[in-house]
Amino acid sequence: MESTLQIFDVQEREVGSPKPPSFPAPAAASTTGFPGHKKRVSAFKKKRQSQAEDASSSTTSQHGMSTNNSPSSGPQKPESEKETIDKENRALLDHMSPTEIADAQKEIFKNLDPSLIQMLLRRANLDDGAAPSNFDDPPANEPTETNASQPAPSDQAPDPKVTDTSAPPKEEPYKEKKQKKSVRFDDDSESQLPPATTTDIPALPTNTTHFPPAPGDPDLDPSDPDFLENLHKKYFPNLPADPSKLAWMAPLPTPNSTADRESPYYPGQDNFPISSLRFDFRGRLLPPRVSRVIPVTKGLHHHGEAPEAAGYTIPELARLARSSVPGQRCIAYQTLGRMLYRLGQGEWGTGAGGRGGEEDDLAFGLWRCFSEGRVLQSMEEEAALPDGVGHMSSKAYAVEALWLFEKGGWKEKWKGL
């Protein structure tokens, strides 16, 4: 196998002087410590500028000869930015076909808000300049009022005046001060104002219709007997009235009034149903006269059948034992357990004659209220909950109430009832 390695002679080349390394020139230091602002132009604006330049160059080439040959009447006034933009837009429209213009109009009408388009059209009508405006600049060839009043400058310099400073100053005759000239627009001229009249303007007739004014909302007074009715008329006129749902908001009846005598726990009654008897949190029976003198700070007043009387009845405690609020169940279990203990101890009678149902005493009548309210079933269901299920405090109070019931001895005394 032949080798492809080839050996050549060393060739020397002339080398010039080495070029020193060059570093980029640093940018100019900023006085604020931040980089300088760079003007950035979007691609859309670059395209518009290039199209406008092409259009302006073609227009300039066509009319270049006529412009150069025309005599110069004076220094040309520089074009404003508004005129430049207008020329660019018109040049761009000249290079567009009618189809392209119609497509562009459809796209604009489709994307822009109609109210914005109407505003732009009104602005376009104002910019046409068809009618003269008081705010337009005066033409250059017409002198203004101020320039006309001033004398024309002369080419020759005025001769200097020499005055004798040693002589006393001469008193110049009094000259009237010239009034300063002011500009007034035609819209503010007094000639356009209507002439002042001295005749009295007749007074406008007052409202003489026979319709009475609408009655105002009655003022709410909690002590008013019609408070609930006025409350419904003022705030809930469109809802059906149900006085029973607002009865708890009614004010307490005054002592010995008609509403007070209709209370189920009025002290002047000869007898009371057992279901209306009231007890405190320790399970003690509260007579009607005592329940009315207990202050509200004891927490025994509530919106029940007799809100003026303190204490809870057995049906009310039975409903609280079925409540979904654990705190209410705890209070109900604790109070009912103490009442069952006192019942078994015979504080309210031994229950003699209760088995026949005709000579029921107080004790057996209370036991029937406990049975109708399913008090023991509620306690047993709460106490039978497994560990980790339900409310622990409610379960503990239910177990305590069942234990007090067993401790009282009512269950051993009346088996099967």
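Rules behind the numbers
Residues numbered from 1 in each chain as written. Predicted model: local features only at pLDDT ≥ 70, side-chain atom pairs only at ≥ 80, totals over all residues. Heavy atoms only, no water. pLDDT = per-residue confidence, 0-100. Contact = heavy atoms within 4.5 Å. Phe/Tyr/Trp six-rings, centres within 6.5 Å; stacked < 30°, edge-to-face > 60°. Helix = DSSP H or I, 4+ residues; strand = E, 2+ residues; numbered from the N terminus. Buried < 20%, exposed > 50% of the residue type's maximum accessible area, 1.4 Å probe, protein only. Salt bridge = Lys/Arg side-chain N within 4 Å of Asp/Glu carboxyl O. Patch = residues over 30% accessible without salt bridge, like charges linked within 9 Å, V, L, I, M, F, W, Y side chains within 5 Å. Areas by Shrake-Rupley, 256 points an atom, 1.4 Å probe, with all protein chains shown as cover. Polar contact = N/O pair within 3.5 Å; in protein donor to acceptor, adjacent residues only side chain to side chain. Core = buried A, V, L, I, M, F, W, Y, C linked by side-chain atoms within 4.5 Å.

Student: An account of the confidence of the model for the protein is requested, with residue identities and associated values reported.
Tutor: Segments scoring low in pLDDT should not have their predicted coordinates read at a detailed level. Averaged over the protein, the pLDDT score is 75; the fraction of residues at 70 or greater is 67%. Note that pLDDT drops below 50 for residues 142-149; the model gives that stretch three contacts with residues more than four away or on any other chain.

Student: Which residues make up the packing of aromatic side chains, and what are the values?
Tutor: Tallied over the full model, the rule gives four aromatic pairs. Centroid distance F279 to W348: 5.4 Å. Interplanar angle 65°. Geometry classified as edge-to-face. With F279 in strand β1 (residues 278-279) and W348 in the loop between α11 (326-345) and α12 (362-372), this pair connects stretches of sequence that are 69 residues apart. By relative accessible area, F279 is classed as buried at 1%. Measuring from centroid to centroid gives 5.8 Å for F281 and Y312, while their planes differ by 35°, and the two rings are tilted. Residue F281 is located in the loop between β1 and β2 (285-286), and its partner Y312 is located in the loop between α9 (288-293) and α10 (314-321); the two are separated by 31 residues in the primary sequence. These aromatic residues form a ring-pair network of at least three members: W367, F405 and W410.

Student: Account for the pattern of salt bridges, with residues named and values stated.
Tutor: Tallying each qualifying case throughout the model produces nine salt bridges. In this structure, the salt-bridge partner of E316 is R278, at a minimum N-O distance of 3.8 Å. Placement of E316 in helix α10 and of R278 in strand β1 is noted, with a sequence separation of 38 residues between them. One exposure class covers both E316 and R278, and it is buried. R292 is the partner of E308 in a salt bridge, and the nearest nitrogen-oxygen pair spans 3.4 Å. Placement of E308 in the loop between α9 and α10 and of R292 in helix α9 is noted, with a sequence separation of 16 residues between them. Looking at R292, the relative accessible area reads 26%, which means it is partly exposed.

Student: Can you explain a nonpolar patch on the surface? Please cite residues and give values.
Tutor: A surface patch of nonpolar side chains, about 510 Å² in accessible area, is lined by I108, F109, L112, L116, M119 and L120. Breaking the nonpolar patch down by element, the ones donating at least two residues are α4 (98-111) and α5 (114-127). Ranked by the residues each element gives to the nonpolar patch, the list is headed by α5, at three residues. A relative accessible area of 33% means that L112 is categorised as partly exposed.

Student: A description of the side chain of R278 should follow, citing residues and the corresponding values.
Tutor: R278 gets classed as buried once you look at its relative accessible area, which sits at 2%. In terms of polar contacts, R278 uses its side chain to reach the backbone carbonyl oxygen of G311, at 2.6 Å.

Student: Explain the environment of P253 to me, and be specific about the residues and the numbers.
Tutor: Tracing the backbone through its elements, the reader meets P253 in the loop between α7 (227-235) and α8 (258-261). It is 7.9 Å that separates the C-alpha atoms of P253 and E308, two residues lying 55 residues apart in sequence. Once residues within four sequence positions are removed from consideration, P253 is found in contact with A259, D260 and E308.

Student: Can you break down the nonpolar core residue by residue, with the values?
Tutor: If you look at the biggest cluster of nonpolar residues, it comprises 35 residues, and the most contacted ones within it are L343, W367 and F370. Of all the secondary structure elements, the ones that give two or more residues to this core are α10, α11, α12, α13 (375-383) and α14 (392-408).

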